[in-house]
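Below are the chains, spelled out letter by letter.
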Amino acid sequence: MSEALLRASGLHLAFGGVRAADGIDLDVMRGEFLAIIGPNGAGKTTFINMTTGYLKPHAGEIAYEGRRITGLSPRAIVRLGIARSFQLPQLFLEHTVEQNVALAVASREGIWSPLVPLLRPGYREEARDILDRFGLSAIADTRADALNEGARKLADIAMAVALKPRLLLMDEPTSGVAASEKMAIVETLVTVLRDAKVTAVFVEHDMDVVERFADRVAVWSQGRIAALGPPAEVLADPAVQREVIGIERHAATPEAPHA
Amino acid sequence: MRKLEFLLALALAGAMIAAAIAAPWLRFVLTIALAKGIAVMGILLLLRAGQVSFGHALYIAFGAYTVAFLAPRLNDAVLLLVVAAGGAALLGLVIGLFVTRYRQIFFGMLNLAMCMVFYSLLEKLYHITKGSDGIRVEIMPVAGQALDRIAYEWTIFGIALALAFALGALLRLYLVSPMGEALKGIKTRETRLEFMGVPARGVLLAAYVVSAGVGGIGGALIAMTSRHVTPLLSYWTASGELVFIAILGGAGGVLGPFLGAAAYELIRVYAAASFADAWQMILGTALLLVILFAPGGLWGMAARAIGGRSR
């Protein structure tokens, strides 16, 4: 965990008068699980959107494995090995869960084969294997629009994992998931990602999840990083507890969806 | 389901052949229905992506005029079909590069605009196109064989039927391939495709080119059957007719366009013969009934009847 996989320096982005990124400097180290916390509107999703090419910063740059990726399209960035999941799961609603994941597998391999089925042996087995690891095998044949929120979240992340990324950015992977299922889902997720040696950045509002699973935590506040370090240290900081965790515990409205 | 669909296709083909033998005048109607069915497969492809083209008659007209212009030089139906398909696909590529940047109503209307530009050119460039008089197409050899009128009409009917089968089978494979499934993904989550590294516009463009190509084949068959082409082939009502057939037949499976086209042509012929002033109303009523009581179209009804899931 000594080398920076992703390096963001001096990122600035404003929407009108709102500064969503106001000088963000952040290194994401290879192999780590970095949690991003902060109140709604602090710019957490904006950071993910900038890193994955959906938004272009007004200033600053992002480098991945030493290569500048600022301004590249989402398509180009995902091909370099950066995938993402969404706060509002972005599944193909008229496809089954298996087809969703198989389509991600196919897109990694190149989808330009018009006469061979998507669910060909190789793709189907890989999709089944991923669904198995995520505990989604039982709903493989269910259409995405018939899933509950927890299953949608996992399927959304499973699709991102099917792209075999080296860096995965997850936007609130546990929001909308029933409290009783949350820890089990994160446990599953972390196991899958650790096995696949994926570096992960995840926006999270549940401090128990952060404390238990993150290697480091970055605290976002008004487009800036207010604190960064090991969870035990950062979450014990009175200022963080007062200004961020207090807000987190009382936050009722989810952050506005992007992408 | 796949086997049942194949058997249903065989039954439909058998019924068409039987009808063409029993009533020779129906051969013309059914060849036109097959040609339109082939063209409507292109509409079905775009509907998979949630896009409706109100201008695909452009490619039918292009295919038909390709036959009319080149028949004196190439003078072989098989060659002309290949050239018409290739030419229409190429035109589809050029226009598709522009229109696939847009979605929904903008996509539909831009296609309509292109189609009407082509219509105007056909109408106004009289010295080349003979304007609204149109161009007559003579009976031509097929694969080097000179044929009399009856043999020629049967042969074109046979070619249309064989092409309907072959292209239907290929389209069926296309729809369940990664490209076909990604096309369907455009309808619900286009953004996700981009975040998976898939160029959604490229996926739609590929489908658009295929749809233009089959439109060209349909148009070439229409020219070879009616043996007279006019700018009306590219008029906006002709594009509407294709969408009408697609909805009537149902977009759920590749048999839909052919069920829709056969029903459309037969209703039109019989309604026009029986109620000369009201045949459009009868067609409209038939479509309304389908929309209200069978949203999956005739194919949806057939699929339910044979107890499977439409594909």
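This one's a predicted model, so the numbers in the text were calculated from it and none came from an experiment.

Caption draft 1: Structural view of the overall build of chain A. The helix and strand inventory of chain A stands at nine helices and ten strands. A compact globule built from 259 residues would reach a C-alpha radius of gyration of about 18 Å, and chain A, at 18 Å, matches this within 12%. Principal-axis analysis of the C-alpha atoms gives chain A an extent of 55 × 40 × 35 Å. Looking at chain A as a whole, 53% of its 259 residues are labelled buried. Long-range pairs, those at least 24 residues apart, make up 69% of the contacts in chain A with a sequence separation of at least 6. A total of about 10,700 Å² of accessible surface is found on chain A, and carbon and sulfur atoms cover 51% of it. Looking at charge distribution, chain A has the averaged site of its 28 positive side-chain charges lying 6 Å from that of its 33 negative ones.

Caption draft 2: A look at the packing of aromatic side chains. Residues and elements named next belong to chain B. Under the defined criterion, the tally for this structure stands at 14 aromatic pairs over all chains. A centroid spacing of 6.0 Å and a plane angle of 70° characterise the contact between Trp-25 and Tyr-270, whose relative ring orientation is edge-to-face. With Trp-25 in helix H2 (residues 25-48) and Tyr-270 in helix H11 (residues 256-274), this residue pair connects regions lying 245 residues apart in the sequence. With relative accessibility at 45%, the residue Trp-25 sits in the partly exposed group. Residue Tyr-270 is classed as partly exposed on the basis of its relative accessible area, which comes to 44%.

Caption draft 3: Spatial organisation of the sheet that holds strand S5 (residues 67-68) of chain A. All names here are of chain A. The strand order S2-S1-S4-S5 describes an open sheet built from four strands, whose pairing is antiparallel. Since the sheet does not close on itself, it has two edges, and those belong to strand S2 (18-29) and S5, each with one partner. Looking at chain direction, strand S4 (residues 59-64) and S5 are connected through two bridges and run antiparallel. Directly across from Tyr-64, in S5, lies its bridge partner Arg-67.

Caption draft 4: Just the domain arrangement of chain A, in detail. All names here are of chain A. Taken domain by domain, chain A comprises domain 1 (4-86 + 163-250) and domain 2 (92-146). Using only C-alpha atoms to locate each centre, domain 1 and domain 2 end up separated by 27 Å. Contact with domain 1, which involves five residues of that partner, is made by six residues of domain 2. The contact between domain 1 and domain 2 buries some 550 Å² in all, and 71% of this surface belongs to carbon and sulfur atoms. Summed over the three residues of domain 1 that lose the most area to domain 2, namely Leu-163, Lys-164 and Val-192, the buried surface amounts to 72% of that side. Linking domain 1 with domain 2 are zero salt bridges, by the criterion used here. Across the contact surface, domain 1 and domain 2 share zero residue pairs in polar contact (both at pLDDT 80 or more).

Caption draft 5: A look at the pairing of strand S7 (residues 167-171) of chain A. All names here are of chain A. Most of S7 is tucked away, with five of its five residues classed as buried. A two-sided burial pattern is seen for S7, the buried positions comprising Leu-167, Leu-169 and Asp-171 on one face and Leu-168 and Met-170 on the other. Pairing analysis gives four bridges linking strand S6 (residues 82-85) to S7, with the strands arranged parallel. Within S7, the position partnered with Ser-85 by the bridge is Met-170. Relative to strand S8 (residues 199-203), S7 is paired through five bridges, and the arrangement is parallel.

Caption draft 6: Structural context of helix H9 (residues 200-226) of chain B. Residue and element names in this part refer to chain B. For H9, with 27 residues, the first-to-last C-alpha span of 38 Å sits near the 39 Å given by 1.5 Å per residue. The buried fraction of H9 amounts to 22 of the 27 residues, a majority that puts the element mostly inside the structure. Two residues or fewer past H9, Arg-227 is found with a positive phi of approximately 60°.

Caption draft 7: Inspection of the side chain of Glu-181 of chain B at higher detail. Looking at the element boundaries, Glu-181 of chain B is found in helix H8 (residues 178-195). Overall, Glu-181 of chain B belongs to the buried group, its relative accessible area being 2%. Of the polar contacts made by the side chain of Glu-181 of chain B, one reaches the side chain of His-95 of chain A; its length is 2.9 Å.

Caption draft 8: Looking closely at the pattern of salt bridges. In the structure shown here, the tally under the stated rule is 30 salt bridges over all chains. Linking Arg-108 of chain A and Glu-126 of chain A is a salt bridge whose minimum nitrogen-to-oxygen distance equals 2.6 Å. Of this pair, Arg-108 of chain A sits in helix H3 (residues 97-109) while Glu-126 of chain A sits in helix H4 (residues 121-133), and the two are 18 residues apart along the sequence. With a closest N to O distance of 2.7 Å, Glu-241 of chain B and Lys-36 of chain B form a salt bridge. One end of the pair, Glu-241 of chain B, is in helix H10 (residues 236-249); the other, Lys-36 of chain B, is in helix H2, and 205 residues separate them in sequence. Per residue, the accessibility class of Glu-241 of chain B equals that of Lys-36 of chain B, and both read buried. Through salt bridges with shared partners, a single ionic network connects Glu-3, Arg-30, Glu-65 and Arg-166 of chain A.

Caption draft 9: A look at the pairing of strand S3 (residues 33-37) of chain A. Residues and elements named next belong to chain A. The element S3 is extensively covered by neighbouring structure, given that five of its five residues are classed as buried. The two faces of S3 match: Phe-33, Ala-35 and Ile-37 on one face and Leu-34 and Ile-36 on the other face are all buried. Here S3 runs beside S8; their pairing, made up of four bridges, is parallel. Bridge pairing in S8 places Ile-36 opposite Val-203. Direction of pairing for S3 relative to strand S9 (residues 216-221): parallel, over a ladder of four bridges. The partner of Ile-37 across the bridge, within S9, is Val-219.

Quick notes on the rules
- Residues numbered from 1 in each chain as written.
- Chains lettered and ligands numbered in written order.
- Predicted model: local features only at pLDDT ≥ 70, side-chain atom pairs only at ≥ 80, totals over all residues.
- Heavy atoms only, no water.
- Helix = DSSP H or I, 4+ residues; strand = E, 2+ residues; numbered from the N terminus.
- Rg over C-alpha atoms; globule rule 2.2 N^0.38 Å.
- Buried < 20%, exposed > 50% of the residue type's maximum accessible area, 1.4 Å probe, protein only.
- Contact = heavy atoms within 4.5 Å.
- Areas by Shrake-Rupley, 256 points an atom, 1.4 Å probe, with all protein chains shown as cover.
- Lys, Arg positive; Asp, Glu negative; His and termini not counted.
- Charge placed at Lys NZ, Arg CZ, Asp CG, Glu CD.
- Phe/Tyr/Trp six-rings, centres within 6.5 Å; stacked < 30°, edge-to-face > 60°.
- Pairing = 2+ DSSP bridges.
- Domains from an automatic or database assignment.
- Buried area = accessible area lost by both parts, 1.4 Å probe.
- Salt bridge = Lys/Arg side-chain N within 4 Å of Asp/Glu carboxyl O.
- Polar contact = N/O pair within 3.5 Å; in protein donor to acceptor, adjacent residues only side chain to side chain.
- Expected span 1.5 Å × (residues − 1).

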